[in-house]
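Here is how the chains run, residue by residue.
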Amino acid sequence: MKLFVNGCSLTHGHKDWQFDMLPPDWVWPSLMSDKFDETVNFAWEGGSNHRVVRTTLEFFDKIKDPSDWLAIIQWTTPYSRTELYDAETNTYFGYCEGSPDPVFDLTANTKFVTIPKAFYRTIELYKQTTIIRSHTLLESNFIYQNFLLSEYFKRRGIKFVFVSLSSHSFVHPENDHPLVKYLSRENYLDTTLTSFINPSTKHLIESDTDYHPNKAGHKVVANYITRELETRNYL
């Protein structure tokens, strides 16, 4: 069995790496790699769910027979990130709230390019209109992304699970959006066991201002996901 993972810095790691696309060896996918014939980690720091969906589809569309692959998708917050494509430079630029610079997707373009002025203008407009983009709209888009990847995986015969490391990126089963009832709940891991924004798990995060899991936290995540995969007979 081969493993494909995608997500944000909670999966790629938020330190100890250079711009070489390689996550450090202490993040949870790396800790699980000895259980698989091959491990591909497409997660990227500051990446949005738009990027997660796009790069996941691009990866599996190149594989003729993906039946021996398992996909683990770590959804990130749907409320403060987006992605834009610039045709002139053939580059995807991401936006992550709190960062003045764009998130270069080096999994799609492995060199830095001159950032188009239009990107900054669009991002300024995006930030200015955040207040009028309703929570309901952003949540609805997130549910559509869940539905899209879920249906794609099932159609291609790819084993998959969705995981959230924050309650902000979890589709609750009691959500009243009409698409929620079509999502396969058995493919969702219980987010409450892996949420680090919790006083009882403070020893597993970097600090009171940095909710990224530390090395001990990544071990907990790896062990939890491994147990869940074994329960599903994926390992």
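What counts and how
- Residues numbered from 1 in each chain as written.
- Predicted model: local features only at pLDDT ≥ 70, side-chain atom pairs only at ≥ 80, totals over all residues.
- Heavy atoms only, no water.
- Helix = DSSP H or I, 4+ residues; strand = E, 2+ residues; numbered from the N terminus.
- Expected span 1.5 Å × (residues − 1).
- Buried < 20%, exposed > 50% of the residue type's maximum accessible area, 1.4 Å probe, protein only.
- Contact = heavy atoms within 4.5 Å.
- Phe/Tyr/Trp six-rings, centres within 6.5 Å; stacked < 30°, edge-to-face > 60°.
- Salt bridge = Lys/Arg side-chain N within 4 Å of Asp/Glu carboxyl O.

Draft legend 1. Structural detail: helix 5 (residues 135-156). The end-to-end C-alpha distance of helix 5 is 32 Å, a good match for the 32 Å that 22 residues give at a rise of 1.5 Å each. Residues Leu138, Ser140, Phe142, Ile143, Gln145, Asn146, Leu149, Ser150, Tyr152, Phe153 and Arg156 constitute the buried set of helix 5. If you follow the buried residues of helix 5, they end up packed against helix 3 (49-61), strand 3 (69-75) and strand 7 (159-164). Once helix 5 ends, the next one or two residues include Gly157, with phi positive near 75°.

Draft legend 2. How the structure looks around the packing of aromatic side chains. Tallying each qualifying case throughout the model produces 17 aromatic pairs. Taken together, a centroid distance of 5.0 Å and an interplanar angle of 90° make the contact between Phe59 and Phe60 edge-to-face. Pair check on accessibility: Phe59 and Phe60 agree, each one buried. Their ring planes at 80° and their centres at 5.2 Å tell us that Phe59 and Trp69 sit as a pair that is edge-to-face. Residue Phe59 is located in helix 3, and its partner Trp69 is located in strand 3; the two are separated by 10 residues in the primary sequence. Classification of Phe59 by relative accessible area gives buried; the value is 15%. Accessibility expressed as a relative area gives 4% for Trp69, which makes it buried.

Draft legend 3. Region of the structure containing the pattern of salt bridges. In the structure shown here, the tally under the stated rule is 7 salt bridges. Between Asp61 and Arg156 there is a salt bridge; the shortest N-O distance is 3.9 Å. With Asp61 in helix 3 and Arg156 in helix 5, this residue pair connects regions lying 95 residues apart in the sequence. For Arg232, the salt bridge is made with Glu228, and the minimal N-O distance between the two is 2.7 Å. In this structure Arg232 comes out as partly exposed when scored by relative accessible area, which is 22%. In this structure, a network of salt bridges that share partners links the residues Lys2, Glu38 and Asp68.

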